[in-house]
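Secondary and tertiary structure notes
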Amino acid sequence: MNKLLLITVLMTSFTATAGFDEKIAASFAAKYEVCALKIKDSNPFLAIKLKAKADSISRDKLGGGGYIEAYAKEKKKAWFLSKEKCIKMAKKIS
């Protein structure tokens, strides 16, 4: 019984969940990256700025547990943003 409990504890310690700050960072990084792809033909300068900001956020939070899973989940949601909203978001960070 103790061995089973120890194995269960060890297995759950390897799976990491994203904290609040990692979820927020993943959300912004995913939005910035998807928006950069959406506006790259019409506004390449803004797209480069968005991509750079997304890479900067990802570099800061990549070591944290669960960031990659949260990023993938948020990236799927980010594809529903309109092109106009993406341009507005890009102008805000400029």
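Here the residue numbers are simple positions, counted from 1 along each chain's written sequence. Local features in this predicted model are restricted to residues whose pLDDT is 70 or higher, and side-chain atom pairs enter the listing and the counts only when it is 80 or higher, whereas totals over whole chains, interfaces and linings include all residues. No hydrogens and no water enter the side-chain calculation; it runs on all heavy atoms of the structure.

1. Comments concerning the packing of helix α2 (residues 20–39) against helix α4 (residues 67–78)
An axis is simply a line fitted to the C-alpha atoms; with a helix, the fit covers only the stretch in contact. Between two such axes, the angle follows the N-to-C directions and lies from 0 to 180 degrees. Each helix is a run of H or I in the DSSP string that is no shorter than four residues. Each strand is a run of E no shorter than two, and both are numbered from the N terminus. Running from amino to carboxyl end, α2 crosses α4 at an angle of 45°, the nearest separation of the two axes being 8 Å. On the basis of their axis angle, the class for α2 and α4 is oblique. Like other packed secondary-structure pairs, α2 and α4 cross with a definite hand, here right-handed. Here α2 contributes Glu22, Lys23, Ala25, Ala26, Ser27, Ala29, Ala30, Lys31, Glu33, Val34 and Lys38 to the contact with α4, which in turn contributes Tyr67, Ala70, Tyr71, Glu74, Lys75 and Ala78. Residues belonging to the contact of α2 with α4 are distributed by class as follows: 9 nonpolar, 1 polar and 7 charged. Any angle that is under 35 degrees is reported as roughly parallel, and any over 145 degrees as roughly antiparallel; angles of 65 to 115 degrees are reported as roughly perpendicular and all others as oblique. Handedness of a helix crossing follows the sense of rotation of the near helix relative to the far helix, less than a right angle counterclockwise being left-handed and clockwise being right-handed. Residue contacts are counted whenever heavy atoms from the two residues lie within 4.5 Å of one another. Polar here means any residue outside two lists: the nonpolar Ala, Val, Leu, Ile, Met, Phe, Trp, Tyr, Cys and Pro, and the charged Asp, Glu, Lys and Arg; Gly therefore counts as polar.

2. Focus on the side chain of Ser58
Following the sequence through the fold, Ser58 ends up in helix α3 (residues 44–61). Apart from residues no more than four positions distant in its own chain, Ser58 is found in contact with Ala29 and Tyr67.

3. As for the packing of α2 against α3
Remark: α2 packs on α3, axes separated minimally by 8 Å, with the N-to-C direction vectors making an angle of 155°. On the basis of their axis angle, the class for α2 and α3 is roughly antiparallel. Helix-helix and strand crossings are classified by hand; for α2 and α3 the assignment is left-handed. Residues Asp21, Glu22, Ala25, Phe28, Ala29, Tyr32, Glu33, Cys35, Ala36 and Ile39 of α2 form the contact with α3, whose participating residues are Pro44, Leu46, Ala47, Leu50, Lys51, Lys53, Ala54, Ile57, Ser58 and Lys61. In the contact of α2 with α3, the residues fall into 13 nonpolar, 1 polar and 6 charged.

4. Concerning the nonpolar core
Among buried residues, those of type Ala, Val, Leu, Ile, Met, Phe, Trp, Tyr and Cys that are joined through side-chain atoms within 4.5 Å constitute a nonpolar core. When accessible area is computed with a 1.4 Å probe and restricted to protein chains, residues below 20% of their type maximum are described as buried, those above 50% as exposed, and intermediate ones as partly exposed. If you look at the biggest cluster of nonpolar residues, it comprises 21 residues, and the most contacted ones within it are Tyr32, Cys35, Ile39, Leu50, Ile57, Tyr67 and Tyr71. Those elements giving two or more residues to this core turn out to be α2, α3, α4 and α5 (83–93). Element by element, the count of residues in this core is highest for α2, at 8 residues. For Leu50, the residues in contact, after removing those within four places along its chain, are Tyr32, Cys35, Ala36, Ile39, Cys86, Ala90 and Ile93.

5. A closer look at the confidence of the model for the chain
pLDDT runs from 0 to 100 and stands for how confident the predictor is about each residue. Summarising the model, the chain shows a mean pLDDT of 84, and 82% of its residues fall at 70 or more. Segment residues 8–13: pLDDT under 50, and 0 contacts once partners within four positions in sequence are set aside and those in other chains are kept.

6. Side note on a nonpolar patch on the surface
A cluster of nonpolar side chains, Phe20, Ile24 and Phe28, forms an exposed patch at the surface whose accessible area comes to about 330 Å². Along the chain, Phe20 turns up in helix α2. The class of Phe20 is exposed, set by a relative accessible area of 67%. Patch membership is restricted to residues that have no salt bridge and whose relative accessible area is over 30%. Joining uses 9 Å for like charges and 5 Å for the nonpolar side chains Val, Leu, Ile, Met, Phe, Trp and Tyr. In these tables, accessible area is a Shrake-Rupley quantity obtained with a 1.4 Å probe, and a residue counts as shielded only by the protein chains included in the view. The working definition used for a salt bridge is a side-chain nitrogen of Lys or Arg within 4 Å of a carboxyl oxygen of Asp or Glu.

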